[in-house]
Amino acid sequence: WVGLAACLITGILQTIAEAAREIMNTIFRLKVIGLFVVVAITYVFAARVKADPMYWEQSESRYNTARILAAVALVLWVAIAAGGRLIAYMGAIES
């Protein structure tokens, strides 16, 4: 969580530096939505494991849910990283 906080702080500072370009960029908006979703997935997953380390292994459906959540989170993290690079190359939303 400390690493995420550091990334959020530096990301906010970078966004403030070029607010008009960032906020109006479709890729930036998708990146922020993806970030909120992946943080929520990670929080839910971690909270369940903290409360009961065997939670995701207690049934086949929970095990499958954990695998799906992990796959979705991994895809989102890759998309967030790619989105960060694409912001510079993709244009802003046209009014």
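Since we're looking at a predicted model, the values are computed, not measured. (Residues numbered from 1 in each chain as written. Predicted model: local features only at pLDDT ≥ 70, side-chain atom pairs only at ≥ 80, totals over all residues. Heavy atoms only, no water.)

(A) Examining the overall build of the protein more closely. Looking only at helices and strands, the protein has 4 helices and 0 strands in total. Each helix and strand of the protein, ordered N terminal to C terminal, gives the series α-α-α-α. At 16 Å, the protein has a C-alpha radius of gyration far larger than the 12 Å of a compact globule built from 95 residues. By its C-alpha atoms, the protein is 50 × 25 × 20 Å across when sized along the principal axes. Considering the protein as a whole, with its 95 residues, one finds that 18% of them fall into the buried category. When contacts within the protein are restricted to residue pairs at least 6 apart in sequence, long-range pairs at least 24 apart make up 71% of them. For the protein, the exposed surface amounts to about 6,900 Å²; the carbon and sulfur share of it is 72%. Considering the protein, the positive charge centre built from 8 side chains and the negative charge centre built from 6 side chains are found 2 Å apart. (Helix = DSSP H or I, 4+ residues; strand = E, 2+ residues; numbered from the N terminus. Rg over C-alpha atoms; globule rule 2.2 N^0.38 Å. Buried < 20%, exposed > 50% of the residue type's maximum accessible area, 1.4 Å probe, protein only. Contact = heavy atoms within 4.5 Å. Areas by Shrake-Rupley, 256 points an atom, 1.4 Å probe, with all protein chains shown as cover. Lys, Arg positive; Asp, Glu negative; His and termini not counted. Charge placed at Lys NZ, Arg CZ, Asp CG, Glu CD.)

(B) Representation of the layout of surface pockets. One number sums up the size of the largest pocket: a volume of about 700 Å³. Contributing elements (two or more residues each) for the lining of the largest pocket: helix H1 (2-17), helix H2 (19-23), helix H3 (26-51) and helix H4 (60-86). In the lining of the largest pocket, the residues fall into 14 nonpolar, 4 polar and 4 charged. (1 Å grid on protein atoms, 1.4 Å probe; cavity = no way out; pocket = protein on both sides within 12 Å on 5 of 7 lines; lining within 4 Å. Points joined across faces, edges and corners; volume = space filled by probe spheres on them. Nonpolar A, V, L, I, M, F, W, Y, C, P; charged D, E, K, R; others polar.)

(C) How the structure looks around the nonpolar core. Among the nonpolar cores identified, the biggest contains 5 residues, and these are Val38, Ile41, Ala73, Leu76 and Ile80. Those elements that provide at least two residues to this core are H3 and H4. For this core, the leading source of residues is H4, giving 3 residues. (Core = buried A, V, L, I, M, F, W, Y, C linked by side-chain atoms within 4.5 Å.)

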